[in-house]
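Listed here are the chains, written in short residue letters.
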Amino acid sequence: MGVIHILNADLHCHSIVSDGTLTPEALAQRAKANGVDVWALTDHDEIGGQARALEAARAVGLRYLTGTEISVTFAGITVHIVGLGMDTTHPALVQGLHATRGGREQRARAMSDDLARVGIPGVYEGALKYVDNPELISRTHFARYLVEAGICRDTNEVFRKYINDGKPGFVPHRWATLVDAVGWITQSGGMAVIAHPGRYKLSTNEEYALFTEFKAHGGQGVEVVTGAHGVADYVKYAEYCKEFGLAASRGSDFHSPEESHTDLGKLPDLPGSVTPVWELLESRIQ
Ligand code: AMP
Ligand code: MN
Ligand code: MN
Ligand code: MN
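Residues numbered from 1 in each chain as written. Chains lettered and ligands numbered in written order. Predicted model: local features only at pLDDT ≥ 70, side-chain atom pairs only at ≥ 80, totals over all residues. Heavy atoms only, no water.

## Digging into the coordination of the manganese ion (ligand 2)
Summarising the metal site, the manganese ion (ligand 2) is bound by the protein donors Asp-19 (OD), His-44 (NE2) and His-255 (NE2), whose distances to it range over 2.1 to 2.2 Å. Donor residues binding the manganese ion (ligand 2) come from one chain and are separated in sequence as D-x24-H-x210-H. In this structure, the manganese ion (ligand 2) is positioned 5.6 Å from the manganese ion (ligand 3). Of this pair, Asp-19 sits in the loop between strand S1 (9–10) and helix H1 (24–33) while His-44 sits in the loop between strand S2 (38–39) and helix H2 (50–60), placing them 25 residues apart in sequence. With respect to burial, Asp-19 and His-44 carry one shared label: buried. (Donors = N, O, S within 2.8 Å, 3.2 Å for Na, K, Ca; no water. Helix = DSSP H or I, 4+ residues; strand = E, 2+ residues; numbered from the N terminus. Buried < 20%, exposed > 50% of the residue type's maximum accessible area, 1.4 Å probe, protein only.)

In structure tokens, the structure reads:
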């Protein structure tokens, strides 16, 4: 494999524009300090931080790919699709993401009502203190507030006890469809990538259906090396790359210095057998 294969690419992270705690500028500086060569900011259902991220990347001498991470409902669960290299002014992408963000406010109020019923009041107002983008209130903001309120020790415990599926503060939500999310990304000139597949609670058949349908809709990549994967996942999804004819991505999914286990750029290299997404996205790198 050529030298491009071992670039330190980190193509998945979050800023204050979604549920991260750092600004796009601070993330660019951190990525640079950690030795990243190619970076993408992939805020949930948002591209509002892209101009700042590109400018900050230029300022510190980082190569940049535009990015987002779209929430999708598939087989009754939430699946994330990362988009890389899109034209962030494309109307299909802009409108699709706007519509996807639309239900968050209502979901947040319903979550807060449900938590009040189990004796935890004022969570909506508390979570808002952690929200920078009024269109993007996330479960992560709820988790930060419940830690602050002393209800749980860390955000992971909040998800486990209160806001994961089946827990008292979980409110089912219908996100974008797989075909729409992949369509918005590809119509705007980008590449759709299945985010952290090792995290989903899908049966073997459902996972096979996800990859098959994703590919049929025009999806081209899958995250092989990410903060949420272990070595067994690297091996498994590198195999899926071959089986489904997909390129491989690499991204930390960094959210916060206090909360994230994997820092920007601090990931193992992709396995040698796969085609890195950044080889196919060369012309989209800025
Ligand atoms: P939402 O899009 O509002 O449903 O929030 C989903 C976000 O919650 C994910 O992007 C993660 O950042 C965060 N999250 C999910 N599960 C956990 C967990 N177990 N511990 C901490 N954060 C989590
Ligand atoms: Mn997140
Ligand atoms: Mn995700
Ligand atoms: Mn993410």
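Here the narrative resumes, following the displayed structure.
## A short note on H1
Among all positions of H1, only Pro-24, Leu-27, Ala-28 and Ala-31 are buried. Down the axis of H1, the buried side of the element spans an arc of 100 degrees, and every buried residue falls inside it. Opposite the buried face of H1, by more than 90 degrees, sit the exposed residues Gln-29 and Ala-33. The positive-phi residue at the C-terminal boundary of H1 is Gly-35, with phi of around 85 degrees. (Arc of directions from axis to C-beta.)

## Quick look at the sheet that holds S2
Strand order across the open sheet formed by three strands is S1-S2-S3, with parallel pairing between neighbours. The open sheet has two free edges, formed respectively by S1 and strand S3 (63–64), since each of these has just one partner strand. In terms of strand pairing, S2 meets S3 through two bridges, oriented parallel. Paired with Trp-39 across the two strands is Tyr-64, which belongs to S3. (Pairing = 2+ DSSP bridges.)

## Some remarks on the domain arrangement of the protein
Annotation of the protein at the domain level lists domain 1 (8–101 + 178–284) and domain 2 (104–161). Here the C-alpha centre of domain 2 lies 25 Å away from the C-alpha centre of domain 1. Every contact between the two is made by 14 residues of domain 1 and, on the other side, 10 residues of domain 2. A buried area of about 980 Å², summed over both sides, lies between domain 1 and domain 2, and 39% of it is on carbon and sulfur atoms. On inspection of domain 1 and its partner domain 2, the count reaches three salt bridges. (Domains from an automatic or database assignment. Contact = heavy atoms within 4.5 Å. Buried area = accessible area lost by both parts, 1.4 Å probe. Salt bridge = Lys/Arg side-chain N within 4 Å of Asp/Glu carboxyl O.)

## Structural notes on the coordination of the manganese ion (ligand 3)
Within the protein, the manganese ion (ligand 3) binds to Glu-69 (OE), His-80 (ND1) and His-196 (NE2); these donor distances fall in the range 2.1 to 2.2 Å. Here the donor residues of the manganese ion (ligand 3) are spaced in sequence according to E-x10-H-x115-H.

## Considerations on the sheet that holds strand S4 (residues 67–74)
With respect to topology, five strands assemble into an open sheet ordered S4-S5-S6-S7-S8, the strand pairing being mixed. Edge strands, defined here as strands with exactly one partner in the open sheet, are S4 and strand S8 (247–251). For this sheet, the mean angle separating the axes of adjacent strands, direction not counted, is 40 degrees. (Axes fitted to C-alpha atoms, helices over the stretch in contact; angles between N-to-C directions.)

## Remarks on the side chain of His-44
You can call His-44 buried: its relative accessible area is 7%. Separated by 3.2 Å, the side chains of His-44 and Asp-19 make a polar contact. If sequence neighbours within four positions are ignored, His-44 has contacts with His-14, Ser-18, Asp-19, Glu-69, His-80, Arg-104, Leu-136 and His-255. (Polar contact = N/O pair within 3.5 Å; in protein donor to acceptor, adjacent residues only side chain to side chain.)

## A closer look at the site of ligand 1
In the vicinity of ligand 1, the contacting residues are Asp-19, His-44, Arg-104, Arg-107, Ser-138, Arg-139, Thr-140, Asn-156, Phe-159 and His-255. At 2.8 Å from an oxygen atom of ligand 1 is found a side-chain nitrogen or oxygen belonging to Arg-139. Interatomic distance of 2.9 Å between a side-chain N/O atom of His-255 and an oxygen atom of ligand 1. Surface burial for ligand 1 is 80%, taken as the share of its 500 Å² of free accessible area covered by protein chains. Listed by contribution, the elements that provide at least two residues to the shell around ligand 1 are helix H4 (104–117), helix H6 (139–148) and helix H7 (155–163). (Near = heavy atom within 4 Å. Areas by Shrake-Rupley, 256 points an atom, 1.4 Å probe, with all protein chains shown as cover.)

## Focus on the pattern of salt bridges
Summed over the entire model, instances satisfying the criterion amount to 15 salt bridges. Put simply, Asp-263 and Arg-30 hold a salt bridge, and the shortest N to O gap is 2.9 Å. Note that Asp-263 is positioned in the loop between S8 and helix H11 (277–280) and Arg-30 in helix H1, a separation of 233 residues in sequence. On the basis of relative accessible area, Arg-30 is assigned to the partly exposed category, the value being 25%. Measuring nitrogen to oxygen at the nearest pair gives 2.7 Å for the salt bridge that ties Arg-144 to Glu-259. Note that Arg-144 is positioned in helix H6 and Glu-259 in the loop between S8 and H11, a separation of 115 residues in sequence.

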